[in-house]
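Residue strings, one per chain:
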Amino acid sequence: MKVYEKAPAKINLLLNVLRKREDGYHEVEMIMTMVDLADRLEMYELPRDQIVLSSHAGFIPLDEKNLAFQAARLIKDRYGVRRGVYIHLDKQIPVAAGLAGGSSDAAAALRGLNRLWELGLSMTELEALGAELGSDVPFCIRGGTAVARGRGEKLESIESPPQCWVVLAKPPINVSTADVYGKLRANEIQDHPSIPGMIDAIKRQSFHDVCAGLGNVLESVTLPKYPEVRQIKEVMTRLGADGVLMSGSGPTVFGLVSKESKVARIYNGLRGFCKEVYVVRMLT
Ligand SMILES: C[C@@](CO)(OP(=O)(O)O)[C@H](O)COP(=O)(O)OP(=O)(O)OC[C@H]1O[C@@H](n2ccc(N)nc2=O)[C@H](O)[C@@H]1O
Ligand SMILES: Nc1ncnc2c1ncn2[C@@H]1O[C@H](COP(=O)(O)OP(=O)(O)O)[C@@H](O)[C@H]1O
């Protein structure tokens, strides 16, 4: 039997940091949603008890450093599975981009192996396993739109934002999440974006207020360090995107656009100086 799983990218419509915790992580509150830029995983059993990972993408590790590999090992060990698996990873999401590509691959591997090995694990059990692999993995298992708290693993699903186009632009730099959190001065943050405001805007399906409420406190670290990220934000705004924000720790910038007629202009304008630009839809 073969199983297939899609691993979509996420964007953070809002990312607020409340404080640095004793365990080194940051207490966050975020609103996350999925977009239809996705990796694809194909999984099937091997006769021998081993995990084999393959991918045509030359720029990711294929050993135990890969989050999909780690997911397979975790679920095997925890549930005493003595069977082997081959995982092929078709990588489409840019790496170290703020789009949770690795986390979504891990989530897809957990979902897929639960089916392949007929383990019967619930979503809640899979989310708890995912939290051992990374803070964003539980959300990637659940999908949809959610408020995430704690270090990102405490989830509350909410309805989808109003449908729109999402333009993603990733400058040719890789940003380390640990590095960005490490440089954040949590107690010096002046402008905290409002979670209740964004939840309310989504509830009212007000595209205008969703765009007005976008906010990410990690911009205060990434933007000064990488001027090209700020520049992409400015260009996207100038080209007419309705709301513009950096996703996660960056460097990808997303623009929300309601009118299809504007999308081509924004895409072409960005492509002038940024090679990696994608036009996608929100996954509702
Ligand atoms: C910033 C966000 C926003 O969605 O995404 P990305 O930019 O990575 O996509 C997440 O909080 C990233 O989640 P994730 O990438 O799963 O992080 P983890 O692997 O758990 O942690 C990587 C490192 O980031 C720091 N970290 C992470 C989460 C958190 N709430 N506080 C932290 O301080 C820690 O230093 C940790 O060692
Ligand atoms: N399946 C995977 N896909 C992408 N990167 C991975 C994967 N597994 C491990 N990594 C490593 O994780 C790091 C962050 O990758 P990624 O999840 O794409 O970042 P982000 O969460 O910022 O979007 C990279 O350094 C990469 O080498």
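This one's a predicted model, so the numbers in the text were calculated from it and none came from an experiment. (Residues numbered from 1 in each chain as written. Chains lettered and ligands numbered in written order. Predicted model: local features only at pLDDT ≥ 70, side-chain atom pairs only at ≥ 80, totals over all residues. Heavy atoms only, no water.)

Within this structure, the stated rule accounts for 21 salt bridges. Linking Lys-65 and Asp-63 is a salt bridge whose minimum nitrogen-to-oxygen distance equals 3.7 Å. Taking the relative accessible area as the measure of exposure, Lys-65 reaches 60% and is therefore exposed. The partly exposed category is assigned to Asp-63, whose relative accessible area is 28%. Overlapping salt bridges, with partners in common, bring together Glu-5, Arg-111 and Arg-115 in one network. (Salt bridge = Lys/Arg side-chain N within 4 Å of Asp/Glu carboxyl O. Buried < 20%, exposed > 50% of the residue type's maximum accessible area, 1.4 Å probe, protein only.)

Let us now look at the sheet that holds strand S7 (residues 165-170). If you walk across this open sheet you meet the 4 strands as S9-S10-S7-S11, and the pairing is antiparallel. A strand with exactly one partner marks an edge of an open sheet, and here the two such strands are strand S9 (243-246) and strand S11 (276-281). Each strand axis lies, on average, 20° off the axis of its neighbour in the sheet, ignoring direction. Helix H9 (residues 227-238) rests against S7, S9 and strand S10 (253-257) of the sheet, and its axis sits at about 10° to S10. (Pairing = 2+ DSSP bridges. Helix = DSSP H or I, 4+ residues; strand = E, 2+ residues; numbered from the N terminus. Axes fitted to C-alpha atoms, helices over the stretch in contact; angles between N-to-C directions. Contact = heavy atoms within 4.5 Å.)

The subject of this paragraph is the nonpolar core. Of all hydrophobic cores here, the largest spans 72 residues; its most connected members are Val-17, Leu-41, Val-85, Met-236 and Leu-270. The element that contributes the greatest number of residues to this core is helix H2 (residues 101-116), accounting for 7 residues. In this structure, this core is formed jointly by two domains, domain 1 (2-158) and domain 2 (165-281), each of which donates at least three residues. In contact with Val-85, not counting residues within four places along its chain, are Met-43, Tyr-44, Glu-45, Leu-46, Gln-50, Ile-51, Val-52, Ala-72, Leu-113, Leu-116 and Trp-117. Core analysis: the second largest hydrophobic core is formed by 28 residues, Ile-31, Leu-99, Cys-164 and Phe-207 among them. (Core = buried A, V, L, I, M, F, W, Y, C linked by side-chain atoms within 4.5 Å. Domains from an automatic or database assignment.)

UniProt's entry tags residues 198-274 with the feature "domain: GHMP kinase C-terminal" (unreviewed entry), counted in the numbering of this structure. Across residues 198-274, the secondary structure splits into 57% helix and 14% strand, with the terminal C-alpha atoms separated by 30 Å. (UniProt positions renumbered as here; feature names shortened; annotations may be inferred.)

Domain assignment breaks the chain into domain 1 (2-158) and domain 2 (165-281). Once you take the C-alpha centre of each, domain 1 and domain 2 turn out to be 23 Å apart. Listed per partner, the contact involves 28 residues of domain 1 and 36 residues of domain 2. When the two sides are added together, the surface that domain 1 and domain 2 hide from each other amounts to roughly 2400 Å², 68% of it contributed by carbon and sulfur. When the buried surface of domain 1 facing domain 2 is broken down by residue, Leu-13, Leu-14 and Leu-15 rank first, second and third, together holding 23% of it. In this structure, the connection of domain 1 to domain 2 is made through 0 salt bridges. Where domain 1 touches domain 2, the interface holds 11 residue pairs in polar contact (both at pLDDT 80 or more). (Buried area = accessible area lost by both parts, 1.4 Å probe. Polar contact = N/O pair within 3.5 Å; in protein donor to acceptor, adjacent residues only side chain to side chain.)

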